[in-house]
Amino acid sequence: MTDRRSTWCAVALSRKVGAKPHRVLLGGQPFVLFRSGDGLHCLTDRCPHRFAPLSLGRVIDGAIECPYHGWRFDGGGHCRSMPGLLEQTPNIAVPAHAVREQNGLIYISPGRRRGEPYAGVLSGPGVVSRVVENRVRSTLLDVAENILDATHTHFTHGGLLRGLSSRRWKVRVSVTGGDGWVEARYEGEPRQEGLISRLLEGERSISVGRFIAPGIAELEFWGRDRINLSTTFHLRQEDDDHVRGFGVLAGPLQGGFGYIKALLFRPLFTIALRQDQRILNAARDNKPPGALPVLNRLDVLRSGIEAILRGERPPVADAPFEITMEL
Ligand code: FES
Ligand SMILES: [Fe+2]
């Protein structure tokens with residue numbers, strides 16, 4: 001697949017959106033998700049009358065009712081009633097946005113729509129998955145890079161993802177990409193010695209880290225002939241200072257064994273996320289305004305992610321490269 005540009009962003013867990021309206025932030029804008037008899041809807045979470053958040057209201061007769069003066073808006077955003085007004089309801093609307101539900105996640109695509117929602121490299125029947133939600137003070141670029149960065153694991157996650165020894169292996173890294181995606185493929189690394197890897201992975205042959213528009217950071221770990229484990233993070237910039245993400249960890253069912261693994265994995269995964277959260281928050285708070293990071297040859301994906309976030313084709317799409325490093 002060479003063109004993976006997509007505007008669909010996972011913003012909520014399906015099970016969190018029930019009878020009550022649910023507010024989410026994306027790029028500094030508030031949106032409200034609600035269910036009515038005719039399905040799931042997404043509107044801008046701002047009543048046009050006095051700007052009250054519609055998400056503080058309730059869903060009634062298939063419409064969302066503003067908590068301030070009771071104006072009601074249907075799933076298409078059209079105002080259907082204004083309590084107290086004896087004439088016909090004037091033609092007023094809140095912006096309505098494309099919304100989809102897939103594999104337990106709700107995706108929205110405000111504005112221009114492109115591509116399809118991304119479910120993850122492992123999904124569907126025969127797969128066990130667990131979701132963890134996380135929020136950090138950071139930028140989407142820094143969080144995506146952190147997830148895909150193989151060089152921080154020795155230090156940030158010593159003992160958990162990596163062994164405690166300082167032993168490293170020479171690894172060949174191939175970096176490729178296309179419109180809306182970049183990936184790095186790591187070959188030559190034996191199974192890692194950390195707790196998570198020992199418990200959950202079989203023999204490892206290849207691992208891949210990839211970024212896909214608009215905010216997917218995904219890792220996959222291959223055994224001899226199949227993916228043993230994948231983590232797919234759906235990230236979004238909530239506002240200037242915060243990134244929120246859903247991390248979906250998935251593995252093959254393996255006749256029920258996958259469930260045991262998934263049970264074990266979740267708490268360990270949560271610890272790893274906290275370790276990342278701590279260092280990302282600290283780095284963010286310590287960054288002088290306008291300061292630029294020092295980039296080097298080990299930062300194989302950052303420039304590609306940056307280009308994709310700017311809506312450009314990543315340079316590596318036209319100039320794939322390889323590098324050997326010690327991991
Ligand atoms: S602010 Fe929504 S009805 Fe007045
Ligand atoms: Fe990490």
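Residues numbered from 1 in each chain as written. Chains lettered and ligands numbered in written order. Predicted model: local features only at pLDDT ≥ 70, side-chain atom pairs only at ≥ 80, totals over all residues. Heavy atoms only, no water.

Participant: Explanation requested: the domain arrangement of the protein chain in the structure shown.
Facilitator: Quoted interface sizes are often the accessible area lost when the parts come together. We note that the domain assignment places domain 1 (9-109) and domain 2 (127-326) within the protein chain. When each unit is reduced to the centre of its C-alpha atoms, the spacing between domain 1 and domain 2 is 34 Å. If you look at the interface, domain 1 gives 13 residues, while domain 2 gives 11 residues. One can count 0 salt bridges joining domain 1 with domain 2. Scanning the region where domain 1 abuts domain 2 turns up 4 residue pairs in polar contact (both at pLDDT 80 or more). With 5 residues, strand β1 (residues 9-13) is the single largest residue contributor to the side of domain 1 that touches domain 2. For the side of domain 1 that touches domain 2, a count of residues per class yields 10 nonpolar, 2 polar and 1 charged. (Domains from an automatic or database assignment. Contact = heavy atoms within 4.5 Å. Salt bridge = Lys/Arg side-chain N within 4 Å of Asp/Glu carboxyl O. Polar contact = N/O pair within 3.5 Å; in protein donor to acceptor, adjacent residues only side chain to side chain. Helix = DSSP H or I, 4+ residues; strand = E, 2+ residues; numbered from the N terminus. Nonpolar A, V, L, I, M, F, W, Y, C, P; charged D, E, K, R; others polar.)

Participant: When you look at the sheet that holds strand β6 (residues 63-65) in this model, what are you seeing that I'm missing?
Facilitator: Hydrogen bonds between backbone atoms are what pair the strands of a sheet, whose relative direction is either parallel or antiparallel. Spatially, 4 strands are ordered β5-β6-β7-β8 in an open sheet, and the strand pairing comes out antiparallel. Since the sheet does not close on itself, it has two edges, and those belong to β5 (58-60) and β8 (79-81), each with one partner. (Pairing = 2+ DSSP bridges.)

Participant: How do you make sense of the pattern of salt bridges when you look at a structure like this?
Facilitator: As a working rule, side chains carrying opposite charge can pair if their charged atoms are close by. One pass over the full model with this rule turns up 26 salt bridges. Ionic pairing is found between Asp45 and Arg23, a salt bridge with its closest N-O pair at 2.9 Å. Of this pair, Asp45 sits in the loop between β4 (39-44) and β5 while Arg23 sits in strand β2 (residues 22-26), and the two are 22 residues apart along the sequence. In this structure Arg23 comes out as partly exposed when scored by relative accessible area, which is 41%. One salt bridge connects Glu238 with Arg236, and the closest N-O pair in it is separated by 3.6 Å. Across this residue pair, the class does not change: Glu238 and Arg236 are buried. Overlapping salt bridges bring together Asp3, Arg5, Arg114, Asp179, Arg313 and Asp318 as one network. (Buried < 20%, exposed > 50% of the residue type's maximum accessible area, 1.4 Å probe, protein only.)

Participant: Got a minute to help me understand unusual backbone geometry in this structure?
Facilitator: Glycine aside, the phi torsion of most residues is negative, and most peptide linkages are trans. Residue Pro214 follows Ala213 across a cis peptide bond; omega there is 0°. Along the chain, Pro214 falls in the loop between β14 (206-212) and β15 (216-222). The phi angle at Asp61 is positive, at roughly 50°, despite the residue not being glycine. Here Asp61 lies in the loop between β5 and β6. Although it is not a glycine, Asn103 sits at a positive phi angle of roughly 50°. Mapped onto the secondary structure, Asn103 falls in the loop between β9 (98-102) and β10 (105-109).

Participant: Sorry if this is basic, but what is going on with the side chain of Asn146 here?
Facilitator: Relative to the helices and strands, Asn146 resides in helix α1 (residues 140-148). Among the polar contacts listed, one links the side chain of Asn146 to the side chain of Asp276, at a separation of 3.2 Å. Sequence-distant contacts of Asn146, defined by excluding residues within four places in its chain, comprise His152, Asp276 and Leu280.

Participant: How should I be thinking about the coordination of the iron ion (ligand 2) in this particular structure?
Facilitator: Binding of the iron ion (ligand 2) to the protein goes through His152 (NE2), His157 (NE2), Asp276 (OD) and Asp276 (OD), at separations of 2.1 to 2.3 Å. Between the donor residues of the iron ion (ligand 2), the gaps in sequence give the motif H-x4-H-x118-D. Residue His157 is found in the loop between α2 (153-156) and β12 (170-178), and its partner Asp276 is found in helix α4 (residues 257-286); the two are separated by 119 residues along the sequence. (Donors = N, O, S within 2.8 Å, 3.2 Å for Na, K, Ca; no water.)

Participant: Is there a simple way to explain helix α5 (residues 302-309) in this structure?
Facilitator: Along an α-helix, residues three or four apart share an orientation, since each turn contains 3.6 residues. Within the sequence span of α5, burial applies to Arg302, Gly304, Ile305, Ala307 and Ile308. The secondary structure elements touched by the buried residues of α5 are α1, β13 (181-187) and β14. Gly311 occupies a position one or two residues after α5 and carries a positive phi of about 85°.

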